[in-house]
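If you want the building blocks of each chain, they are given just below.
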Amino acid sequence: MLLEERDPTGWVLKALREAGNSLVSELYGLDERTLCRRPREGEWCLKEIAAHLRDAEELALLQLNTILDAGSEPLPVRDIDALPLERDYLAADFSRLLSEFRSLRSQTSYLLWGLLERDWRRAARHPYRGEVTLGEVAHELAQHDLEHLWQVRRLKHELGTKAGRPPRDRR
């Protein structure tokens, strides 16, 4: 039996913690030139991926809170994949991007760790997808992390870079 089949909320909480920390670790300590380099035209650079992760975390936290606040309003949506093209992420302060992501992830984790099983089944209406549960939002966020962790590692390999190590999160 897979961990997810026995304890889906435990899997999500573990994945969010570990993938989030791994993403920060992979991105930590890279120089600005490396962060902004693209191996191919049209592909996001590492800095844009970090900003995208921050944006995705912000949206997910907003959606989770909307569901917990009675869920009567439609879930907020944004096209976070378009934001790197619309905003000047290359000029952003990278340490601030990582700090904001870590802060938002901390808020998300704190919120999720305090929930009861029935809270994970609470739902709200997504404008395009219909009813979505809090558990689905959390699971999709964890899956999103894993996809971008793979992307960051692949991109770093193509750029010939190695990971730095951030200060350990002692939670």
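Preceding this paragraph is the structure being described.
Residues numbered from 1 in each chain as written. Predicted model: local features only at pLDDT ≥ 70, side-chain atom pairs only at ≥ 80, totals over all residues. Heavy atoms only, no water.

Asks: I tried to follow the environment of L35 on my own but got confused; where do I start?
Replies: Here L35 shows up in helix α3 (residues 32-36). Residues L35 and L46, 11 residues apart in the sequence, show an inter-C-alpha distance of 4.9 Å. Non-local contacts of L35, meaning those with residues more than four positions away in its chain, are made with L27, L30, C45, L46, K47 and F94. (Helix = DSSP H or I, 4+ residues; strand = E, 2+ residues; numbered from the N terminus. Contact = heavy atoms within 4.5 Å.)

Asks: What's the story with helix α8 (residues 134-159) in this structure? I'm lost.
Replies: For an α-helix, the turn length of 3.6 residues means that residues three or four places apart are oriented alike. Between its first and last C-alpha, α8 extends 37 Å over 26 residues, near the 38 Å set by a 1.5 Å rise per residue. Remark: G160 follows α8 within two positions and exhibits a positive phi of approximately 75 degrees. (Expected span 1.5 Å × (residues − 1).)

Asks: Honestly, helix α2 (residues 8-27) in this entry has me stumped. Any pointers?
Replies: The end-to-end C-alpha distance of α2, which contains 20 residues, comes to 28 Å, matching closely the 28 Å that a straight helix rising 1.5 Å per residue would cover. Phi turns positive one or two residues past the end of α2, at G29, with a value near 80 degrees.

Asks: Help me out: how do you make sense of the pairing of strand β2 (residues 130-133) in this one?
Replies: Residues in a regular strand project their side chains so that they alternate between the two faces of the sheet. Bridging between strand β1 (residues 123-126) and β2 involves four bridges; their strand directions are antiparallel. When the bridges of β2 are listed, H126 appears paired with G130. Counting the residues in the hairpin turn of β1 and β2 gives three residues. (Pairing = 2+ DSSP bridges.)

Asks: What is the right way to read the layout of surface pockets from this model?
Replies: Empty pockets left among the atoms are what a rolling probe the size of a water molecule brings to light. Its volume calculated, the largest pocket comes out at about 450 Å³. Taken together, the elements giving at least two residues each to the lining of the largest pocket come down to α4 (46-68) and α8. Of the residues forming the lining of the largest pocket, the biggest block, five residues, is contributed by α4. Looking at side-chain class alone, the lining of the largest pocket contains 10 nonpolar, four polar and five charged residues. (1 Å grid on protein atoms, 1.4 Å probe; cavity = no way out; pocket = protein on both sides within 12 Å on 5 of 7 lines; lining within 4 Å. Points joined across faces, edges and corners; volume = space filled by probe spheres on them. Nonpolar A, V, L, I, M, F, W, Y, C, P; charged D, E, K, R; others polar.)

Asks: I'm lost on the packing of α2 against α8 in this one. Help?
Replies: For any two helices packed against each other, one specifies the inter-axial angle together with the distance between the axes. One can describe the packing of α2 onto α8 by two numbers: an axis separation of 9 Å at closest approach and a directional angle of 25 degrees. Considered as vectors, α2 and α8 are oriented roughly parallel to each other. As α2 runs across α8, the sense of the crossing is left-handed. Residue-level contacts link W11, V12, A15, L16, A19, G20, S22, L23, E26 and L27 of α2 to A138, H139, L141, A142, D145, L146, H148, L149, V152, R153 and K156 of α8. Residue composition of the contact of α2 with α8, by class: 13 nonpolar, four polar and four charged. (Axes fitted to C-alpha atoms, helices over the stretch in contact; angles between N-to-C directions. Parallel < 35°, antiparallel > 145°, perpendicular 65-115°, else oblique. Left-handed = near helix turned anticlockwise from the far one by under 90°.)

As far as function goes, none of this settles anything; it's purely spatial.
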